[in-house]
Amino acid sequence: MKIILVAGARPNFMKIAPILEAIGVHNGKGRRPRMDPILVHTGQHYDHAMSQSFFEDLGIPRPDINLEAGSGGHAEQTGKVMMAFEPVLEGERPDLVLVVGDVNSTMACSLAAKKLNIAVAHVEAGLRSGDMTMPEEINRKVTDAIADYLFTTDRIAGAHLLKEGVQSERIFFVGNVMIDTLVKHRERAKQSTVLETLGLKNGRGFHPYAVVTLHRPSNVDDSETLGRIFEALQEISLRLPVIFPCHPRTRARLDQFGLGEFFDGEGSRVRLISPLSYLDFLHLNSLANLILTDSGGIQEEATILGVPCLTLRENTERPITVSQGSNRLVGNKKEAILNGFEWALRQTKSLTARPDKWDGRAAERIVEVLARISRRKFHPFIANTSIPTVPGNAMVLSS
Ligand code: UD1
């Protein structure tokens, strides 16, 4: 089976890495059906810090093809990826396109493939925030509506898909590939010297600190909202130094709104730094006393790391991180953020949780399912009405 795996933006790379690795392990074993992976990078993220450094840290092979789509408005970026991906599909004629997550590249490549009657598998399907103002929610719903095989991280996601009319035979509860990567690299990340570099560690031990990441348009694109969040961060920093690896989008807004000086000013204990590599960021987060974020994936990572996490959003597509993990939704109002901070300070017991199948083996399960699909004489021109029934469907796999 010839498979194109798509990665476009930073949160995709740690999801693709374990799947590529599991395909390699699978191919090395006995008479298993062979899979020929082709890695396509759409170029949605292109800076070294947002892309290449993840390939280096995670040992991901160089992409076979780079579409070099780059930045742009939503329509422009989506259109550029689709236009560049179509000739690749026509040239390669893969049996399947596998996409991960919810970024513009995910939706664009799914659409391009389905229009050519090429089967699509979506990893991290069924997540729903219920918030249609988020571009990611639109990307998730469109991708899931047309995907042939939907791999989910938890049962809540599976329930959303069933409610939306997806046949259970197409839903596979496999676990969380992002956590595969965390589990694999957690030990190695301990060798990172990021804490020393940031002056958070000395001969006597660690200083307590908080980590912040922000990039959602709803938080960073409006100067008043961003200013309010920053006031809360400044107040928190009086009690706990705050490390803020700054996303390029946020950096651009800070400069635009004249807020950068707010941090660079003398005495500020909020430290703006460039985006970190995967291993440095993992190490920084794993020893943090608190994480404040609006990212989806970091809510999941905080859950496994057992670090209290305040999510600066009104909703989450990952409710399991609230019900089982260390996550708490606080929105972006100053008082609510500060109340959340007080809650986090009161946490004394370990918050570490491990939702079902967040065990480091999700990619292995995905490749197992792909192998079964392949063995059943997988037909590339799959029609929605004639999906082959795959043994080990949602019900079987989730048992
Ligand atoms: C994208 C994803 C979001 C994901 C986030 C992680 C969509 C709709 N959003 O948001 O789900 O959580 O990535 O980072 O796909 N830029 C650079 N260098 C880069 C990449 C981006 O400077 O390597 C700047 C550009 O000015 C660009 C802006 O960041 O216009 C936004 O990038 P874009 O990929 O459009 O969306 P993100 O906000 O990164």
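Reading guide: rules and limits
- Residues numbered from 1 in each chain as written.
- Predicted model: local features only at pLDDT ≥ 70, side-chain atom pairs only at ≥ 80, totals over all residues.
- Heavy atoms only, no water.
- Helix = DSSP H or I, 4+ residues; strand = E, 2+ residues; numbered from the N terminus.
- Rg over C-alpha atoms; globule rule 2.2 N^0.38 Å.
- Buried < 20%, exposed > 50% of the residue type's maximum accessible area, 1.4 Å probe, protein only.
- Near = heavy atom within 4 Å.
- Polar contact = N/O pair within 3.5 Å; in protein donor to acceptor, adjacent residues only side chain to side chain.
- Nonpolar A, V, L, I, M, F, W, Y, C, P; charged D, E, K, R; others polar.
- Domains from an automatic or database assignment.
- Pairing = 2+ DSSP bridges.
- Axes fitted to C-alpha atoms, helices over the stretch in contact; angles between N-to-C directions.
- Contact = heavy atoms within 4.5 Å.
- Buried area = accessible area lost by both parts, 1.4 Å probe.
- Salt bridge = Lys/Arg side-chain N within 4 Å of Asp/Glu carboxyl O.

Assigned secondary structure in the protein chain consists of 18 helices and 15 strands. Taken against the 2.2 N^0.38 rule, which gives 21 Å for 399 residues, the C-alpha radius of gyration of the protein chain at 21 Å falls within 12% of a compact globule. Considering only C-alpha atoms, the protein chain reaches an extent of 65 × 45 × 40 Å along its principal axes. When each of the 399 residues of the protein chain is scored for burial, the buried share is 59%.

Near the ligand, the surroundings consist of 20 residues, among which Gln-44, His-45, Asn-104, Glu-136 and His-215 are the closest. At 2.8 Å from an oxygen atom of the ligand is found a side-chain nitrogen or oxygen belonging to Gln-44. Between the ligand and Tyr-46 there is a distance of 2.9 Å, counted from an oxygen atom to a backbone nitrogen or oxygen. Those elements that place two or more of their residues in the shell around the ligand are helix 1 (10–27), helix 3 (74–92), helix 5 (135–146) and helix 11 (248–257). Per-element tally for the shell around the ligand: the top contributor is helix 5, with 3 residues. A breakdown of the residues in the shell around the ligand according to their chemical character gives 6 nonpolar, 9 polar and 5 charged. Shared between two domains, the shell around the ligand holds at least three residues of each, these being domain 1 (2–176 + 358–396) and domain 2 (187–345).

Looking now at the sheet that holds strand 15 (residues 327–329). Strand order in the open sheet formed by 6 strands is 12-11-10-13-14-15, and the pairing between neighbours is parallel. With one partner strand each, in any of the chains shown, strand 12 (270–273) and strand 15 form the two edges of the open sheet. Taken pair by pair, the neighbouring strands of this sheet meet at an average axis angle of 20°, ignoring direction. With 4 bridges connecting them, strand 11 (residues 242–245) and strand 12 associate as parallel partners. Residue Pro-245 lies in a different strand from strand 12, and its bridge partner there is Ile-273.

Before going further, it helps to examine the domain arrangement of the protein chain. Domain annotation for the protein chain reports domain 1 (2–176 + 358–396) and domain 2 (187–345). Its C-alpha centre places domain 1 at a distance of 29 Å from the equivalent point of domain 2. The partner domain 2 presents 20 residues to the 23 residues of domain 1 that form the contact. Summed over both sides, the interface of domain 1 with domain 2 buries roughly 1,800 Å², with 60% coming from carbon and sulfur. Taking the shortest distance from any N to any O, the salt bridge between Glu-124 and Arg-318 comes out at 3.3 Å.

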